[in-house]
Amino acid sequence: KPILEAVGLGKRYGKQAALQGVGFEVYAGEIISVLGPSGCGKSTLLQLIAGLAQPDEGELRMRGAVIANASRSVPPEKRGMNMVFQDYALWPHMSVFDNIAYGLRRQKKAEAVIRSDIAELVRLLHLQGLEDRLPPQLSGGQQQRVAIARALATKPDLLLLDEPLSNLDMRLRIEMRAEMAYLFRRLGTTVFHVTHDPDEAFSMADRIIIMRAGGIDQIDTPQACYRRP
Ligand code: ADP
Ligand code: ADP
């Protein structure tokens, strides 16, 4: 049974159809990358999944339960999803530790549990020794590692990544693609990743959704997408 399911999703802005007839399934532990040129509807699709916009047509389901259609939309914080943004979006006046701890504290987890969970994430994301720093005192790559740690801390059913490496330089992008894919597979995280960078999609994904003009052009493994002209 899929974690996330989209059926006939459509979204228009005025007369302009941003998405039309979009359907797919995401299974537990998969890394799915959505790839396509600017304007093809990637951000719109991600907004519908995150609960930041509502579809005009079709349906989204999490573990079989409807989370969005034209007449209802479960609020973002009740979807069991966390998101990592292109610009990190960390709280600049909170330490690295407090940024990562934010969701766990909202869940009223015991401080001892929070400390041990965060120690593990800090280790996995190579952030040792940076726990007391403020985000502006970190490099771009370090800030994105903190954002990933923060998003993983509450063990979401689905992790949403919105162009996560676009603000990093080429060398760091290549390094972090491999590092993130390794980490998500090791933790068994289900990931829905949106990018315009083919290298990012092809190096990280188990399956790629290739979009064109508001619709899905192809859904397949990187190997099969590569073979298809
Ligand atoms: P992508 O993320 O792939 O660049 P978008 O989802 O942002 O694509 O956009 C898909 C289409 O919907 C584009 O034609 C875009 O101009 C249009 N669109 C997106 N957001 C809005 C909006 N808030 N108002 C009007 N049109 C929009
Ligand atoms: P193949 O390319 O191996 O002949 P298909 O791509 O036709 O196989 O179908 C494999 C699965 O991938 C289908 O069950 C379908 O859900 C999905 N899929 C492939 N391409 C698309 C597409 N353009 N739109 C929607 N789903 C697709």
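Residues numbered from 1 in each chain as written. Chains lettered and ligands numbered in written order. Predicted model: local features only at pLDDT ≥ 70, side-chain atom pairs only at ≥ 80, totals over all residues. Heavy atoms only, no water.

Undergrad: Outline the overall build of the chain, listing residues and values.
TA: Counting its secondary structure elements, the chain contains 7 helices and 10 strands. For 229 residues, the compact-globule formula gives about 17 Å, and the C-alpha radius of gyration of the chain, at 18 Å, lands near that figure. Taken over the C-alpha atoms alone, the chain extends approximately 50 × 40 × 35 Å along its principal axes. Of all 229 residues assigned to the chain, the portion counted as buried reaches 50%. Within the structure as shown, the chain displays about 11000 Å² of accessible surface, and the carbon and sulfur contribution to it stands at 51%. Side-chain charges of the chain comprise 29 positive and 26 negative groups, with the mean position of each set lying 3 Å from the other. (Helix = DSSP H or I, 4+ residues; strand = E, 2+ residues; numbered from the N terminus. Rg over C-alpha atoms; globule rule 2.2 N^0.38 Å. Buried < 20%, exposed > 50% of the residue type's maximum accessible area, 1.4 Å probe, protein only. Areas by Shrake-Rupley, 256 points an atom, 1.4 Å probe, with all protein chains shown as cover. Lys, Arg positive; Asp, Glu negative; His and termini not counted. Charge placed at Lys NZ, Arg CZ, Asp CG, Glu CD.)

Undergrad: Describe the packing of aromatic side chains, with residues and values.
TA: Across all of its chains, the model carries 2 aromatic pairs by this definition. Here the aromatic rings of F24 and F192 are separated by 5.6 Å at their centres, their planes lie at 25 degrees, and the arrangement is stacked. Taken together, the residues span a long stretch of sequence, with F24 in strand β2 (residues 16–26) and F192 in strand β8 (residues 191–195) at a distance of 168 residues. When sorted by exposure, F24 lands in the same class as F192, which is buried. A ring pair is formed by W91 and Y102, whose centres lie 4.3 Å apart and whose planes are at 35 degrees; its orientation type is tilted. In this pair, W91 sits in the loop between β6 (81–84) and α2 (96–106) while Y102 sits in helix α2, placing the two residues 11 residues apart along the sequence. Using a relative accessible area of 33% as the deciding quantity, one classes W91 as partly exposed. (Phe/Tyr/Trp six-rings, centres within 6.5 Å; stacked < 30°, edge-to-face > 60°.)

Undergrad: An account of unusual backbone geometry is needed here, citing residue identities and associated values.
TA: Of note in this structure, Y88 is not a glycine but carries a positive phi near 70 degrees. Structurally, Y88 can be placed in the loop between β6 and α2.

Undergrad: Lay out the site of ligand 1 with the relevant residues and their values.
TA: Ligand 1 sits among Y13, Q16, A18, P37, S38, G39, C40, G41, K42, S43 and T44. Between G39 and ligand 1, the recorded distance is 2.6 Å, taken from a backbone N or O atom to an oxygen atom. At 2.6 Å from an oxygen atom of ligand 1 is found a side-chain nitrogen or oxygen belonging to T44. With the chains in place, 59% of the 550 Å² that ligand 1 exposes on its own is no longer accessible. (Near = heavy atom within 4 Å. Polar contact = N/O pair within 3.5 Å; in protein donor to acceptor, adjacent residues only side chain to side chain.)

Undergrad: Can you lay out the confidence of the model for the chain for me, pointing to particular residues and giving the numbers?
TA: Parts of the prediction with low pLDDT should not have their coordinates interpreted in detail. Looking at the chain, the pLDDT average stands at 95 and 99% of residues meet or exceed 70. Interface predicted TM-score (ipTM) for the complex: 0.63; the corresponding pTM is 0.87. (pLDDT = per-residue confidence, 0-100.)

Undergrad: Give me the sheet that holds strand β9 (residues 207–212): which residues, what numbers.
TA: If you trace the 6 strands from one edge of the open sheet to the other, you get β6-β7-β8-β3-β9-β10, paired in mixed fashion. Either end of the sheet is taken by a strand with one partner, and the two such strands are β6 and β10 (215–220). Across this sheet, the average inter-strand angle for adjacent strands is 20 degrees, counted without regard to direction. In the packing of helix α4 (residues 140–153) onto the sheet, the strands contacted are β6 and β7 (158–162), and the crossing angle to β6 comes to about 175 degrees. (Pairing = 2+ DSSP bridges. Axes fitted to C-alpha atoms, helices over the stretch in contact; angles between N-to-C directions. Contact = heavy atoms within 4.5 Å.)

Undergrad: So what about the packing of α2 against α4? Which residues, and what values?
TA: Packing of α2 against α4 leaves a shortest axis separation of 7 Å and a crossing angle of 25 degrees. When the axis of α2 is compared with that of α4, the two are roughly parallel. In this structure, α2 meets α4 at a crossing whose hand is right-handed. Seen from α2, the contacting residues are V96, N99, I100 and L104; seen from α4, they are V146, A149, R150 and A153. Class assignment of the residues belonging to the contact of α2 with α4 gives a composition of 6 nonpolar, 1 polar and 1 charged. (Parallel < 35°, antiparallel > 145°, perpendicular 65-115°, else oblique. Left-handed = near helix turned anticlockwise from the far one by under 90°. Nonpolar A, V, L, I, M, F, W, Y, C, P; charged D, E, K, R; others polar.)

Undergrad: Describe the pairing of β9, and please don't skip the residues or the numbers.
TA: Across 4 bridges, strand β3 (residues 31–35) lies against β9 in parallel orientation. From the neighbouring strand, V34 faces β9, where its bridge partner is I209. As paired elements, β9 and β10 share 5 bridges and run antiparallel to each other. Looking across to β10, one finds that I210 is bridged to Q218. Turn length for the β9-β10 hairpin, with the two strands adjacent in sequence and antiparallel, is 2 residues, and the turn residue A213 shows positive phi of about 50 degrees.

Undergrad: Residues and numbers for the packing of α4 against helix α5 (residues 170–187), please.
TA: Interhelical geometry of α4 versus α5 gives an angle of 15 degrees and a closest axis separation of 12 Å. Considering their axes alone, α4 and α5 lie roughly parallel with respect to each other. Every pair of crossing elements has a handedness; the one defined by α4 and α5 is right-handed. Here G141, Q144, R145, I148 and L152 of α4 lie close against α5, whose contacting residues are L172, E175, M176, E179, M180, L183, F184 and L187. Counted by class, the contact of α4 with α5 contains 8 nonpolar, 2 polar and 3 charged residues.

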